[in-house]
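Residue strings, one per chain:
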Amino acid sequence: MEINWTRAAEGWQRGGRFLAAFVPPDFTSKWDDIAEGLLESVTMTVVSTVLGLALSVPVAVGAARNLAPRPVYLLCRAVLVVSRTFQEVLIAILFVAMFGFGPLAGTLTLAFATIGFVGKLLAEDIEATDPAQLEAMRATGGSFLQGLAWGILPQVKPRLLGLSLYRVDINFRESAVLGIVGAGGIGATLNTSLDRYEFDTAAAILLLIILIVMVCEYVSGVIRRAAL
Amino acid sequence: MIFQEYALIERLTVMENALSGRLGYVGFWRSWFRRFPTTDVAEAFTLLIRVGLSDMANKRADALSGGQRQRVGIVRALMQRPELLLVDEPTASLDPKTSRQIMRLILELCTERGLAAIINIHDVALARQFAQRIVGLRAGVIVFDGPPNSLDAAALTAIYGDEDWTATLGHGGKVAEDEHRSAVPEVERLAGLA
Amino acid sequence: MSGNTEALKQNVVWRRRTPQGDVLAWGAWLAIVLATVLSFRQISNVTIWDFVWDAPQQGADLLSRAVPPRWGYASVLWKPLWDTVNMATMGTLAAVILGIPVAVLAARNTTPSVLLVRPLALFVIVASRSINSLIWALVLVVIIGPGPLAGTLAIALRSVGFIGKLLYEAIEEIDPVQVEATEATGASRAQVLAWGIMPQVAPAIAGIGVFRWDINIREATVLGLVGAGGIGLQLEASVATLAWPQVSVILLLILATVIVSEWVSVRVRQAIT
């Protein structure tokens, strides 16, 4: 790794001046752009989390060794590996190329990433369930789906809820980056403000992201305590 | 089917566990939304009253004691309206008193309903006390078949192998608790109530 | 018995939840559906659906142009790939060094002040965790100029919060008896930290560090997109010039690197615990 230390040293001085430009944060002059970007990030978060969860549950069942036949297991595991290997931004680049610029590409990216995250951890939880409960449900004559709903779901429900809430958090944070490659969200606004040297606006955006993540963490803590 | 270690759905309520016995007769979505036919719910209530759990219906299964859990297991099995009850070591993790209560309950319910039960059990004293017919298996071969009082030391040796059986067969209830499991793992005893 | 049964049959109500519980549960589901539908309409309004219906063809087209990968291009990628790994490693190392004091200040049982210092440390953790490393890189490239140093610092800034959070939770779960025993010898605060607490969380530090390193390898692959060094720079250039056979080489190389790093991470963590 080549680091030009003289340049870095000059950078620190320059950096000090840049850093000073970040304060005080300016919420007002670009507020319309900021609000639009944040709203887009929130909508992307909602749709991608719901879509991603809806898809990750069947994938997790398929990727659980104790439920799925071998070919299905391998296929679902492959989906999980691909989804988890590539950073969201890389997927977003491909999706933007396919679906065009805008929040839809970002939403699909986040949904795809959700599958990898929730799918893998949920599959591990399913594999750790008590097999006697599933066996008892099948013994009462229940179908495969009833076995899942009665023998497996009650056992993995707390984990599923926890993962879902955590993923809402992650999806919001990630939605703030995807704008850099044109996939919508607050990231685009942030990128623009940095390009135009409007550092006070950028600082405002960063603070708002931190604030929303804090609120998210607090709310998910409340829901988790209420539900369990 | 009544299971060893209960095999209840621990995080669901007693009533849901009882109703799960009807899963084979109810469509997926009805079971998902817990919309069981009223006759099923009525039957579940009746059975819960019968086994003495009527005020536990909305408690979660993991909040119950071992004996209570096995009662829920019995209710779930009876909810299927079986013609034959399969019982796998129903007392494996229960204390001696609760074990007797559970065995007596199974016996009573079978008599009430004219039901046959096949019980797989290693507790010789319990089998002698409650079963009407005992079948001893060793490595899958029947080595004893007869009424409980004809089960003697020779028969036990044939089933389990050499051991001092006098205390086990003693007068009344003096049973050494650590005797239950046989030294030979493939040995199985079957006690039939007919 | 039978009379009892008859009475029950007339009047059997059993519900999974209380009526209020039912309303609450259905309300929650309704809210989720409503939020999803409204959000989707918002997204749909700014989407050009013709492009979307075109996506399968676009995807097939992309794939046909990306295959076969231009393997010769790999020769110029080794250096940036090495930079990427280095950025992740150095950034993680810096984050561990910075994260330990932050965690000590944030843990309820080691913080000097629950009222003053702890909230501050917790804010540092949340702030660091909330901002993606790519955004940190974006800001840092502006401040200290493009290059791997910006990338390394971006990785470090993002990881401090992650390491700090997991580590302070680990510190809060330590065995207090060992701490008391150390205190009973008359040790100073710093000595208690070094003798009573650190030995207990040392495996956690190593485990968390390796775990984060594995994540950082992934993160580092894209930092080049904003000029912060590493293989992302080549990716950016290749995508910009529509050189898809090069893109596929880069993606395959990233795939291999990430799989290797995950394997290393799992093995190391298994060895520790």
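Per-chain numbering applies: the sequence of each chain, read as written, is numbered from 1 onward. Chains and ligands are labelled by the order in which they are written, letters from A for the one and numbers from 1 for the other. Residues qualify for local features only when their pLDDT is at least 70, as the model is predicted, and side-chain atom pairs are given and counted only at 80 or more; totals for whole chains, interfaces and linings, by contrast, use all residues.

Description of the overall build of chain B
Stage number 1. The numbering of helices and of strands both runs from the N terminus, where a helix is a DSSP run of H or I of at least 4 residues and a strand a run of E of at least 2. Broken down by element type, chain B carries eight helices and five strands.
Stage number 2. Listed by position from the N terminus, the elements making up chain B come as α-α-α-α-β-α-β-α-β-β-α-α-β.
Stage number 3. Burial is judged by counting other C-beta atoms within 10 Å of a residue's own C-beta: 20 or more means buried, 12 or fewer means exposed, and anything between counts as partly exposed, with every C-beta placed from the backbone. Looking at chain B as a whole, 37% of its 194 residues are labelled buried.
Stage number 4. By definition, residue pairs are in contact when their C-beta atoms, positioned from the backbone, come within 7 Å. Looking at chain B alone, contacts between residues at least 24 apart form 66% of all its contacts between residues at least 6 apart.

Here's the deal with the overall build of chain C
Stage number 1. The helix and strand tally for chain C stands at twelve helices and zero strands.
Stage number 2. The secondary structure elements of chain C, listed N-terminal to C-terminal, are α-α-α-α-α-α-α-α-α-α-α-α.
Stage number 3. Relative to the compact-globule value of 19 Å for 273 residues, chain C shows a C-alpha radius of gyration of 27 Å, a clear excess of over 25%.
Stage number 4. Principal axes of the C-alpha set define a box for chain C whose edges measure 85 × 70 × 35 Å.
Stage number 5. Looking at chain C residue by residue over its 273 residues, the buried ones come to 40%.
Stage number 6. In chain C, of all internal contacts separated by at least 6 residues, the share reaching a separation of at least 24 is 73%. Our radius of gyration looks at C-alpha atoms and nothing else; its globule reference is 2.2 Å times the residue count to the power 0.38.

Overview of the confidence of the model for chain C
Residues and elements named next belong to chain C.
Stage number 1. A residue's pLDDT is the predictor's confidence in that residue, given on a scale from 0 to 100. On average, chain C scores 87 in pLDDT, and the residues at 70 or more come to 95%.
Stage number 2. Across chain C, helix α5 (residues 78–106) holds the top mean pLDDT of 94, while helix α1 (residues 2–10) sits lowest at 46.
Stage number 3. pLDDT under 50 marks residues 1–10. Its contacts with residues more than four places away, or in other chains, come to eight contacts.
Stage number 4. Quick note on the complex model: pTM equals 0.84, ipTM equals 0.82.

Some thoughts on the UniProt feature "domain: ABC transmembrane type-1" (unreviewed entry) in chain C
Stage number 1. The UniProt entry lists residues 81–265 of chain C under the feature "domain: ABC transmembrane type-1" (unreviewed entry), expressed in the numbering used here.
Stage number 2. Annotated as 82% helix and 0% strand, the span residues 81–265 of chain C places its first and last C-alpha atoms 18 Å apart. UniProt positions are given in the numbering used here, feature names are shortened, and annotations may be inferred rather than shown by experiment.

Digging into the interface of chain A and chain C
Stage number 1. Chain A puts 42 residues into the contact, and the matching count from chain C is 46 residues.
Stage number 2. Looking at the side of chain A that touches chain C, the elements that each hand over two or more residues are α1 (5–22), α2 (31–62), α4 (88–99), α5 (103–127), α7 (144–178), α8 (186–195) and α9 (199–227) of chain A.
Stage number 3. All amino acids are sorted into three groups, where Ala, Val, Leu, Ile, Met, Phe, Trp, Tyr, Cys and Pro are nonpolar, Asp, Glu, Lys and Arg are charged, and the leftover types, Gly among them, are polar. Partitioning the side of chain A that touches chain C into residue classes produces 30 nonpolar, nine polar and three charged.

Side note on α2 of chain A
Stage number 1. The length a helix should cover is 1.5 Å for every residue beyond the first. Compared with an ideal rise of 1.5 Å per residue, which puts 32 residues at 46 Å, α2 of chain A spans 46 Å between its outermost C-alpha atoms and is within 8% of the ideal.
Stage number 2. Bend, at a single residue, is the angle you get between axes fitted to the 7 residues ending at that residue and the 7 residues starting at it. When the local axis directions of α2 of chain A are compared, the greatest deviation, roughly 25°, occurs at S56 of chain A, which is followed within four positions by the proline P58 of chain A.

Some thoughts on the packing of α5 of chain A against α7 of chain A
Angle between the axes and distance between the axes are the two parameters that describe a pair of packed helices.
All names here are of chain A.
Stage number 1. In this analysis, axes come from line fits to C-alpha atoms, helices being fitted only over the stretch in contact, and the angle between any two N-to-C directions falls in the range 0 to 180 degrees. Packing of α5 against α7 leaves a shortest axis separation of 9 Å and a crossing angle of 150°. Taken together, the axes of α5 and α7 are roughly antiparallel relative to one another. Seen along the crossing, α5 lies across α7 with a hand that is right-handed. Only I152, V156, R159, L160, L163, R167, N171, E174, S175 and L178 of α7 make contact with α5, whose side of the interface consists of G106, T109, L110, A113, T114, F117, V118, L121, L122, D125 and I126.
Stage number 2. When the residues that make up the contact of α5 with α7 are grouped by side-chain class, the tally is twelve nonpolar, five polar and four charged. Each angle gets one of four labels, with under 35 degrees taken as roughly parallel, over 145 as roughly antiparallel, 65 to 115 as roughly perpendicular, and the rest as oblique. Two helices that cross are described as forming a left-handed crossing if the nearer one is turned anticlockwise from the farther one by less than a right angle, and a right-handed crossing if clockwise.

Looking at the pairing of strand β3 (residues 133–138) of chain B
All names here are of chain B.
Stage number 1. Both β3 and strand β4 (residues 141–146) contribute to a ladder of five bridges, which runs antiparallel. Residue pairing in the sheet places I134 in a bridge with G146 of β4.
Stage number 2. One requirement defines pairing of two strands: DSSP has to find at least two bridges between them. The turn linking β3 back onto β4 is made up of two residues, and A139 within it adopts a positive phi angle of 50°.

Focus on the UniProt feature "transmembrane region" (unreviewed entry) in chain C
Stage number 1. As annotated in UniProt, the feature "transmembrane region" (unreviewed entry) corresponds to residues 23–43, 87–107, 119–144, 220–237 and 243–264 of chain C in the numbering used here.
Stage number 2. Between the C-alpha atoms that bound residues 119–144 of chain C there is a distance of 30 Å. The span itself is 92% helix and 0% strand.

What about α7 of chain A?
Stage number 1. With 35 residues, α7 of chain A extends just 39 Å between its outermost C-alpha atoms, more than 12% less than the 51 Å of an ideal straight helix rising 1.5 Å per residue.
Stage number 2. A bend of about 60° at L153 of chain A is the largest found in α7 of chain A, and the proline P154 of chain A appears one to four places after it.

Description of the pairing of strand β1 (residues 84–88) of chain B
All names here are of chain B.
Stage number 1. Burial of β1 is one-sided: the residues L85 and V87 facing one way are buried, the residues L84, L86 and D88 facing the other way are not.
Stage number 2. Summarising the sheet, β1 and strand β2 (residues 116–120) pair through five bridges and their orientation is parallel. By the bridge assignment for β2, V87 is matched with I119.
Stage number 3. What joins β1 to β2 is helix α5 (residues 96–113), and the crossover it makes is right-handed. With the strands pointing away from the viewer, any crossover whose connection runs clockwise from the first strand over the helix to the second is right-handed.

A look at unusual backbone geometry
Stage number 1. Between V67 of chain C and P68 of chain C the backbone carries a cis peptide bond, its omega angle lying at 0°.
Stage number 2. By secondary structure assignment, the location of P68 of chain C is in the loop between α4 (55–66) and α5.
Stage number 3. Positive phi, normally seen in glycine, also occurs at A7 of chain B, with a value near 50°.
Stage number 4. Looking at where A7 of chain B falls in the secondary structure, it is placed in the segment before α1 (14–19).

A short note on the packing of α5 of chain C against helix α6 (residues 117–130) of chain C
All names here are of chain C.
Stage number 1. Where α5 meets α6, the closest approach of the two axes is 8 Å, and the angle between their N-to-C directions is 135°. Taken together, the axis directions place α5 and α6 in an arrangement best described as oblique. Like other packed secondary-structure pairs, α5 and α6 cross with a definite hand, here left-handed. Taking contact as the criterion, the partners of V102, L105 and A106 in α5 are, on α6, V117, R118, A121, L122, V124 and I125.

A closer look at the confidence of the model for chain B
Stage number 1. Of all residues in chain B, 87% attain a pLDDT of 70 or more, and the chain-wide mean is 80.
Stage number 2. Counting interchain partners and residues more than four positions distant, the pLDDT-below-50 stretch residues 171–194 of chain B has 54 contacts.

Topic: the environment of I250 of chain C
All names here are of chain C.
Stage number 1. Take I250: it is sitting in helix α12 (residues 244–272).
Stage number 2. By the C-beta count within 10 Å, which is 25 here, I250 ends up buried.
Stage number 3. The spatial distance from the C-alpha of I250 to the C-alpha of L81 is 9.4 Å, given a sequence separation of 169 residues.
Stage number 4. Setting aside its immediate chain neighbours within four residues, I250 contacts L77, I231, Q234, L235 and S238.

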